[in-house]
Structures are given as C-alpha cells and as structure tokens.
Amino acid sequence: MKKILSAGAIAVLAAFSLPALAEMDTDKLEGVKPVSADHPLPKIISGYQFRNAETQALQDDDFDNPGFIWVDQAEQLWSQVDGAANKSCAECHGDAADSMKGVRATYPKWNDAKGKPVTLEQQINACRTERMEAQEWTWESDEMLGMTAYVGAQSRGMPMNVKTDGEAAPWFERGKELYYTRFGQLDMACSNCHEDNYGKYIRADMLSQGHTNGFPVYRLKWQKLGSIHRRFKGCMGSIRADGFAVGSDELIALELYVAWRGQGLPVEAPSVRQ
C-alpha cells in the first residue's frame, strides 16, 4: 500500500508551483543524457541546466568562478611538504593534470584494504596519514574542499563512471534503499524532490535531479565550497530529520547510488549553484 504523505510534506509539495523544466523539451538542452532501461529517470540532466544564466556564467569562467579560490590554494598545497615523512602530493603523483585526470569521475570507489567504498575525501586523508604521516584534514576544511576541487578540476568534462557491481553492489543497494526511504517530520525521501518534482520551484529555488557531478560546489547561499555530504545533511535538515554523520557508511552508500544516477554526466567541479 502506498504510504500517505504527512500534512507537513503536503505543505512542502504544495510549494512546487511555477513552470517546470521537466515540462519543457529537455531534448533541446545541453547536458541531457540518455539512460539505460533500468534507470529511474527518463533522462539525466546536470544541475547546471537548472540554474539561471548569471549563475551559469559564474561557473563557466574560471576567473569569475569563486570556487577557484580554493582550487588555487590547493594547487600550492599539492607541492607542499607536510608530515613526518616529509612528502608532498606531487612526490608520489607528479603533475596533477596527468595523474589526477579522470580520478574524480570514479568516486566513491571500492577500496580492498578498507573493505568498503571510499569517498575522494577519505582517499585524500588515507594518503596524508599513511604516506605523508600527516594529520587528517577535516571534511569541510578549506584544505580538504580545495584539494577535492583541485583533483576534480583535472577531470572536468569527463563522464562520471562509478563502479557499482562486485563487492560494491551491496553498498549500491543500501544507497538506493536510503534514497527512497522517508525520513524526518516531513516524512519525505530524496526521490520526492529529485525524482518526482525536479524542474519545479520550491519557494525561490528550482529543484534539480540532485546529481553529484559538480561537487564540491560553491553555493551562493553558503558563500563557500561545500561537499556532497554537507549537501546531503542540508537536505535532511530541510525535512526535519536528524540525518547521518559526514563520512558515515550510510552517506557513502547514498553517495555511490546518487553518483550512479548521474552516470555519464560530465564532471563540473568546482560548480556554482544557488
């Protein structure tokens, strides 16, 4: 039996009003990708297409894109020696333009040593602690956001290509389950916004399909870069749910599933959103 929405959820969904992108001819938009028969969406569209022209222009120009403040800082960190091992990222990986090309597109990625998928943030910290013998960076620190943006920028234009089979399959299924599970006082799931109502306005914001190809993202609302997990937690807060901790197994699984939903979309990091 289909679960009835709570009064709070109905009030939120009532805000989905103004003309919807989903009702337009999306085949004429750039960035629209076809999907496989088993995909829950009829087509996948980058979040870039849901933003206004001014925000798109900010993302398109590396000089104006505010996320590149962090990218430039991370470029310096790339060659900076840190930790007891007296190593830098460059000593192992060389020129990031070569060694990091395509890397962002594959995360979250299965890690045999840890027996689980790891995010790009976790892989960076593994390099710091295991190779450099340096301290971890916190998830939303300027250093971590900058480095994920810098690594991501080397893959711009390359298609998202996460692996969800083999040992990663149970994590993918767990992420899918979470995506469709209702949480919080508003009794809503990710799918209620990003699958059922994308292209519609909720208050002043147009809902996208919620893809991860642009992360880390500079949000005008935040006035800084933010990670995928910060955005997940923000969504959970909006539906008045406690949510899960940044870096938790639940959010890793959810990130893997959501990344798969955008399979084939070009990496845009660092993107700009409202």
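Predicted model only: the values in this text are computed from it and were never measured.

About the criteria used
- Residues numbered from 1 in each chain as written.
- Predicted model: local features only at pLDDT ≥ 70, side-chain atom pairs only at ≥ 80, totals over all residues.
- Heavy atoms only, no water.
- Helix = DSSP H or I, 4+ residues; strand = E, 2+ residues; numbered from the N terminus.
- Buried < 20%, exposed > 50% of the residue type's maximum accessible area, 1.4 Å probe, protein only.
- Contact = heavy atoms within 4.5 Å.
- Areas by Shrake-Rupley, 256 points an atom, 1.4 Å probe, with all protein chains shown as cover.
- Core = buried A, V, L, I, M, F, W, Y, C linked by side-chain atoms within 4.5 Å.
- Expected span 1.5 Å × (residues − 1).
- Axes fitted to C-alpha atoms, helices over the stretch in contact; angles between N-to-C directions.
- Parallel < 35°, antiparallel > 145°, perpendicular 65-115°, else oblique.
- Nonpolar A, V, L, I, M, F, W, Y, C, P; charged D, E, K, R; others polar.
- Disulfide = S-S within 2.5 Å.
- Pairing = 2+ DSSP bridges.
- Arc of directions from axis to C-beta.
- Phe/Tyr/Trp six-rings, centres within 6.5 Å; stacked < 30°, edge-to-face > 60°.
- Lys NZ or Arg CZ within 6 Å of the ring centre and 35° of its normal.

Trainee: Where do I start with the overall build of the protein in this structure?
Mentor: When you go through the protein residue by residue, the secondary structure sums to 11 helices and 9 strands. Looking at the 274 residues of the protein, the share that counts as buried comes to 50%. Within the protein, contacts between residues separated by at least 24 positions form 70% of all contacts whose residues are at least 6 apart in sequence. If you sum the accessible surface of the protein, you get close to 13,400 Å²; carbon and sulfur atoms cover 50% of it.

Trainee: Help me understand the nonpolar core in this model?
Mentor: Side chains that are nonpolar tend, in soluble globular proteins, to be buried together. Ranked by internal contacts, the top residues of the largest apolar core, which has 24 residues, are Val162, Phe232, Leu254 and Leu256. The leading source of residues in this core is helix H11 (residues 249-261), at 9 residues. Excluding residues within four positions of it along the chain, Leu254 makes contact with Gly175, Leu178, Tyr179 and Phe232. Of all hydrophobic cores here, the second largest spans 23 residues; its members include Ala96, Tyr107, Ile124 and Tyr218.

Trainee: Just checking my understanding: could you explain H11 for this structure?
Mentor: For the α-helix, the turn length of 3.6 residues means that residues three or four positions removed from each other point alike. With 13 residues, H11 extends 19 Å from end C-alpha to end C-alpha; this agrees with the ideal 18 Å at 1.5 Å per step. By the criterion of burial, H11 is predominantly enclosed, with 11 of the 13 residues buried. Along H11, the residues that are buried comprise Leu251, Ile252, Ala253, Leu254, Glu255, Leu256, Tyr257, Val258, Ala259, Trp260 and Arg261. If you follow the buried residues of H11, they end up packed against strand E2 (44-45), strand E4 (116-118), helix H6 (120-131), helix H8 (169-179) and helix H10 (228-238).

Trainee: What is the right way to look at the packing of H8 against H11 in this model?
Mentor: Packed helices, taken two at a time, are described by the angle their axes make and the gap between the axes. Orientation of H8 relative to H11, taken along the N-to-C sense of each, is 90 degrees, at an axis distance of 7 Å. One element, H8, and the other, H11, form an angle in the roughly perpendicular class. Residues Trp171, Phe172, Arg174, Gly175, Lys176, Leu178 and Tyr179 of H8 lie in contact with H11, whose contacting residues are Asp249, Glu250, Ile252, Ala253, Leu254, Leu256, Tyr257, Val258, Trp260 and Arg261. The class makeup of the residues in the contact of H8 with H11 is 11 nonpolar, 1 polar and 5 charged.

Trainee: I tried to follow the state of the cysteines on my own but got confused; where do I start?
Mentor: Two cysteines form a disulfide when their sulfur atoms are joined by a covalent bond. Counted under the stated rule, the structure contains 0 disulfides. Summary of cysteine pairing: Cys92 is not part of a disulfide, and the nearest cysteine sulfur, belonging to Cys127, is at 7.3 Å. Cys127 gets classed as partly exposed once you look at its relative accessible area, which sits at 23%.

Trainee: In this structure, what is going on with the sheet that holds strand E8 (residues 224-226)? I would like to understand it.
Mentor: Within a sheet, neighbouring strands are paired by backbone hydrogen bonds and run either parallel or antiparallel to one another. Read from one edge to the other, the open sheet built from 3 strands follows the order E8-E7-E9, with strand pairing classed as mixed. What marks the edges here is a single partner per strand, and that holds for E8 and strand E9 (271-273). Going across the sheet, the axis of each strand differs from the next one's by a mean of 40 degrees, ignoring polarity. Here strand E7 (residues 217-219) runs beside E8; their pairing, made up of 3 bridges, is antiparallel. In the strand pairing of E8, Arg219 is matched with Lys224.

Trainee: Would you explain helix H3 (residues 68-78) in this entry?
Mentor: All buried positions along H3 are accounted for by Phe68, Trp70, Val71, Ala74, Leu77 and Trp78. Down the axis, H3 shows its buried residues gathered within 160 degrees of arc, on one side only. Where H3 is buried, its residues touch helix H4 (89-93), helix H5 (96-99), helix H7 (142-153), E7 and E8.

Trainee: Looking at this structure, how should I read the packing of aromatic side chains?
Mentor: When we look at a pair of aromatic rings, we describe it by the centre distance and by the angle of the planes. According to the stated counting rule, one finds 9 aromatic pairs in the structure shown. Members of the aromatic cluster, connected to one another through ring pairs, are Phe172, Tyr179, Tyr180, Tyr257 and Trp260. Lying over the aromatic face of Trp222, Arg219 brings its terminal NZ or CZ to 5.1 Å of the ring centre. Above the face of the Trp222 ring, Arg230 is positioned so that its terminal group lies 4.0 Å from the ring centre.

Trainee: Quick question: what am I supposed to make of the packing of H10 against H11 here?
Mentor: Running from N to C, H10 and H11 cross one another at 100 degrees; their axes reach a closest spacing of 11 Å. Judged by the inter-axis angle, H10 sits roughly perpendicular to H11. Contacts between H10 and H11 involve Ile228, His229, Phe232 and Lys233 on the former and, on the latter, Leu251, Ile252, Leu254, Glu255 and Val258. When grouped by side-chain class, the residues that make up the contact of H10 with H11 number 6 nonpolar, 1 polar and 2 charged.

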